[in-house]
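For reference, the chains in residue letters:
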Amino acid sequence: MDLSESGSHYLANYYLLEQTREEVHRFLEGIAKDFSALVEEHLKLKSDGLLEFSLYVQKGGGYVEFGIKMRPDVVAPPEMKDWKYSIIYRDAMRTQNLSSSTEARVYGWTPKALSRQKDQVERVAKVLELQRMPYDEVTVDLVDSPVDEVVDAIARLFVGYYDDYVRIIQELLKEAP
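Residues numbered from 1 in each chain as written. Predicted model: local features only at pLDDT ≥ 70, side-chain atom pairs only at ≥ 80, totals over all residues. Heavy atoms only, no water.

Moving on, we get to the packing of aromatic side chains. The full count for this structure, using the stated rule, is nine aromatic pairs. Judged by centre distance (5.5 Å) and plane angle (65°), the ring pair of F66 and F158 falls under edge-to-face. Within this pair, whereas F66 is found in strand β2 (residues 63-70), its partner F158 is found in helix α5 (residues 147-175), the two being separated by 92 residues in sequence. Note on accessibility: F66 and F158 belong to one class, buried. One aromatic cluster is present, formed by F35, F53, F66, Y89 and F158 through successive ring pairs. For the cation-ring pair, K118 lies above Y135, with the distance from its terminal atom to the ring centre recorded as 4.9 Å. (Phe/Tyr/Trp six-rings, centres within 6.5 Å; stacked < 30°, edge-to-face > 60°. Helix = DSSP H or I, 4+ residues; strand = E, 2+ residues; numbered from the N terminus. Buried < 20%, exposed > 50% of the residue type's maximum accessible area, 1.4 Å probe, protein only. Lys NZ or Arg CZ within 6 Å of the ring centre and 35° of its normal.)

Put into structure tokens, the structure is as follows:
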């Protein structure tokens, strides 16, 4: 079996490339851990009384998900009790759907099985004239600013998605019979 030209180049620089790869993984994992810790702390302090959240940070980085659902003690229509909304972060370690490997995606997500929820959430977001729709994707560059600014920017995005979702749920509860 022969190596391609790029394979030969990789092998010739194997140790340097592996060391660099490990450095990049530590960098990306640090961003994921740092911003998720900021968001988690903020949401715990905020406690809106309507929603509860769970946090999943992929070991090694690249993927963070804040799952959000109705608190069990909230009086709400039965269909809303099962609603699920997630705010997700993915970088080059966990997705190839980026225009550049130096970017990350942040977006809202609801399982397809809850399409009625998604329709209702989008409808109310339009009524409230939110600047960003709850399922829009925002791309963040991870290397054009100092890392603490990048972490803060991603944390602000997550909190913004959360705050918008709270406003939508509040509005939907006002509409409920």
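There's plenty left to go through after this.
In this section: the packing of helix α4 (residues 115-127) against α5. One way to put it is that α4 packs onto α5 with a least axis distance of 9 Å and a crossing angle of 100°. In terms of their interaxial angle, α4 and α5 are classed as roughly perpendicular. Judged by residue contacts, Q117, Q120, V121, R123, V124 and A125 of α4 engage Y165, I168, E171, L172 and E175 from α5. Tallied by class, the residues present in the contact of α4 with α5 amount to six nonpolar, two polar and three charged. (Axes fitted to C-alpha atoms, helices over the stretch in contact; angles between N-to-C directions. Parallel < 35°, antiparallel > 145°, perpendicular 65-115°, else oblique. Contact = heavy atoms within 4.5 Å. Nonpolar A, V, L, I, M, F, W, Y, C, P; charged D, E, K, R; others polar.)

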